[in-house]
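# Close look at the chain arrangement
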Amino acid sequence: MASAVNSLRDAHAGHLAKVFAQYPIEIVRGDGVWLQARGGRKYLDFYGGHAVAGLGYGHPRWLAALERQARQMSFQTNALPMAIRERAAAKLAKFAGLDLDTVFWINSGAEANENALKMAFKMTGRSNAVALEHGWHGRTAAAGAVTWGALEKWYGFPRTPFDVRFSPRDRPAAIEALVDRDTAAVIVEPVQGVGGAYGLGKPMLQALRQRCDDVGAILIFDEVQCGMGRTGAPFGANHYGVTPDMLTTAKALGNGFPVSALMLSKRLARQIKYDDMGTTFGGGPMACAAAEAVIDAIVGESLLANVRTVSEYIRATCVTGPVTGIQGAGFLLGLKTTRPAKEVQGALLEKGILTGTSGDAQVLRLLPAYILTEGHVDQLSGALAQIPP
Ligand SMILES: Cc1ncc(COP(=O)(O)O)c(C=O)c1O
């Protein structure tokens, strides 16, 4: 099958460092769930800038909040109190409803995980961390150390900052031997993103919660990708009914304005001293205004209910053509494909639909905006049906 994505460009001919191989389309505009490429062709976006554009492009509430905040006060350090910073933190804590009421604002997913892990080691004085096979947590020293396969593929540091043990993602029975009284933290994505939109399920998360309680380890949920409404609940923690001690989130939190958050229980927050954590850009008023607008839109426009309804519709209609099954939750879905997912992705792109791949070569990932409708899904299922199985 001819594949547009197979011809991804590796040519960063200008001044840009190589980051990712690029799609063969250049995007010049976005509106809702639609992208417009140079030359005018429109693409239906099921990729969302890699799970970031939860509200879609140009959402009026998000635009207005950023413009208002930019005019009023565009930046101030955490050393100066600002109402917007506290207000957005209170909204995030209320939105989560998990008793993770203390928020540290930072800028990226990796930075949130780096701080979560650092604080877990500092608080427990222990020596190892446990993560799951196929998990993804970011590219910095600690976050990369707990990312499955990073050491073999791209981890550049001469050694990891602590010992890491990886557990199978589907065997609660394996946890007891791996998580012990030397374990500072267990870090997991309730729904693994890069790992193929793979939901860990309640028994696995409950077993992790129980074991952490038994040995005094800190349970961290990395909800950088699966959080902020993507599962159809505020967080994966709500979706599965299991509460961690720390939770990190980013991506859809700012709808494209860089912002991440580390959320902690009161018990842990009491142990933080001034200067244990710090940041220049984190908690900037623009970032907080973006996060506040995102939460207001999700709540005010009943977007969680839309995610749940339209997700069910995807499950009901998109097992067609090369798709044999669907895994994941809400709008973090993995379409299992008979042929390499990259080929299906290429064929869909030629039909004007943008999707993502994953760490699993046979899983095509969907990460659409929460405003997606059943009509958009009909376009996807129609396109899939035209691709030979
Ligand atoms: C679950 C998860 N954690 C952490 C990260 C890292 O986030 P960032 O790229 O913002 O550092 C990602 C990025 O894809 C992710 O999916």
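Residues numbered from 1 in each chain as written. Predicted model: local features only at pLDDT ≥ 70, side-chain atom pairs only at ≥ 80, totals over all residues. Heavy atoms only, no water.

## Here we look at unusual backbone geometry
- Of note in this structure, H134 is not a glycine but carries a positive phi near 75 degrees.
- Looking at where H134 falls in the secondary structure, it is placed in the loop between β5 (128-132) and α5 (141-145).
- Of the residues examined, H134 reaches a relative accessible area of 34% and is grouped as partly exposed.
- The backbone phi angle of N255 is positive, close to 55 degrees, even though this residue is not glycine.
- With respect to the helices, strands and loops of the structure, N255 is situated in the loop between β11 (246-249) and β12 (260-264).
- Looking at N255, the relative accessible area reads 7%, which means it is buried. (Helix = DSSP H or I, 4+ residues; strand = E, 2+ residues; numbered from the N terminus. Buried < 20%, exposed > 50% of the residue type's maximum accessible area, 1.4 Å probe, protein only.)

## Comments concerning the site of the ligand
- Taken together, S108, G109, A110, N113, W136, H137, G138, E189, D222, V224, Q225 and K251 make up the full set of residues near the ligand.
- A distance of 2.7 Å is found between a nitrogen atom of the ligand and a side-chain nitrogen or oxygen belonging to D222.
- In this structure, an oxygen atom belonging to the ligand sits 2.8 Å away from a side-chain N or O atom of Q225.
- Compared with its free state, where it exposes 390 Å², the ligand has 79% of that area covered by protein.
- Among the elements that make up the shell around the ligand, the one with the highest residue count is helix α4 (residues 109-124) (three residues).
- Taken together, the residues of the shell around the ligand sort by class into three nonpolar, six polar and three charged. (Near = heavy atom within 4 Å. Polar contact = N/O pair within 3.5 Å; in protein donor to acceptor, adjacent residues only side chain to side chain. Areas by Shrake-Rupley, 256 points an atom, 1.4 Å probe, with all protein chains shown as cover. Nonpolar A, V, L, I, M, F, W, Y, C, P; charged D, E, K, R; others polar.)

## A look at the sheet that holds strand β7 (residues 183-188)
- Taken together, the seven strands give an open sheet; going across it, the order is β4-β12-β11-β10-β7-β5-β6, and neighbouring strands pair in mixed fashion. Each of the sheet's edge strands pairs with one partner strand only, and the pair in question is β4 (102-106) and β6 (163-167). Between one strand axis and the next, the sheet turns by 20 degrees as a mean value, whatever way the strands run. (Pairing = 2+ DSSP bridges. Axes fitted to C-alpha atoms, helices over the stretch in contact; angles between N-to-C directions.)

## Focus on the confidence of the model for the chain
- Considering every residue of the chain, the mean pLDDT works out to 96; 97% of them sit at 70 or more.
- This model gives residues 1-8 a pLDDT under 50, and the stretch forms 25 contacts once residues within four places in sequence are excluded. (pLDDT = per-residue confidence, 0-100. Contact = heavy atoms within 4.5 Å.)

## Observations regarding the pattern of salt bridges
- Applying the stated criterion to the full structure yields 14 salt bridges.
- Its salt-bridge partner being R165, residue D180 comes within 2.9 Å of it at the nearest N-O pair. With D180 in the loop between α7 (175-178) and β7 and R165 in strand β6, this residue pair connects regions lying 15 residues apart in the sequence.
- Linked by salt bridges that have partners in common, R87, K91, E292 and D296 make up one network. (Salt bridge = Lys/Arg side-chain N within 4 Å of Asp/Glu carboxyl O.)

## Concerning the environment of A120
- Mapping A120 onto the fold places it in helix α4.
- The exposure class assigned to A120 is buried, which follows from its relative accessible area of 0%.
- Contact partners of A120, with chain neighbours within four places excluded, come to A184, A185, I218 and M246.

## Looking at α4
- For α4, built from 16 residues, the straight-helix expectation of 22 Å at 1.5 Å per residue is met to within 8% by its first-to-last C-alpha distance of 23 Å.
- Those residues of α4 not exposed but buried are G109, A110, A112, N113, N115, A116, L117, M119, A120, F121 and M123.
- Immediately beyond the C-terminal end of α4, within one or two residues, lies G125, with a positive phi of roughly 65 degrees. (Expected span 1.5 Å × (residues − 1).)

## Here we look at the pairing of strand β16 (residues 363-366)
- Residues V363 and R365 of β16 are buried on one face, and the alternating residues L364 and L366, pointing to the opposite face, are buried as well.
- Strand direction decides the pairing type here: strand β14 (residues 332-337) and β16, joined by four bridges, are antiparallel. Considered in β16, the bridge of L335 is made with L364.

## Observations regarding the nonpolar core
- Grouped together as the largest cluster of nonpolar side chains are 94 residues, with contacts concentrated most on L92, W105, M228 and F235.
- Ranked by the residues each element gives to this core, the list is headed by helix α11 (residues 285-300), at 10 residues.
- By size, the runner-up hydrophobic cluster in this structure holds 27 residues, among which are F104, V146, F162 and I218. (Core = buried A, V, L, I, M, F, W, Y, C linked by side-chain atoms within 4.5 Å.)

## A short note on the pairing of β5
- Across the five residues that make up β5, a large majority, five, are buried.
- Residues of β5 alternate between two faces, with N128, V130 and L132 on one and A129 and A131 on the opposite face, all of them buried.
- Here five bridges tie β5 to β6, and the two strands are oriented parallel to one another. Paired with N128 across the bridge in β6 is D163.
- Pairing geometry for β5 and β7, over four bridges, is parallel. Counted as the bridge partner of V130 is V186 from β7.

## Quick look at the packing of aromatic side chains
- Following the criterion strictly, the structure yields seven aromatic pairs and no others.
- Relative to F281, the ring of F75 has its centre 6.1 Å away and its plane inclined at 70 degrees; by these criteria the two rings are edge-to-face. With F75 in the loop between α2 (60-72) and α3 (83-96) and F281 in the loop between α10 (266-269) and α11, the pair connects residues that are 206 residues apart, well separated along the chain.
- Geometrically, the ring pair formed by W148 and F166 is edge-to-face, given 5.4 Å between the ring centres and 70 degrees between the ring planes. Within this pair, whereas W148 is found in the loop between α5 and α6 (150-153), its partner F166 is found in strand β6, the two being separated by 18 residues in sequence.
- Relative accessible area serves as the criterion here: at 25%, F166 is assigned to the partly exposed category.
- Over the ring of W154 we find R139; its NZ or CZ atom is 4.7 Å from the centre of that ring.
- Positioned above the aromatic ring of Y198, the side-chain terminus of R169 is 3.7 Å from the ring centre. (Phe/Tyr/Trp six-rings, centres within 6.5 Å; stacked < 30°, edge-to-face > 60°. Lys NZ or Arg CZ within 6 Å of the ring centre and 35° of its normal.)

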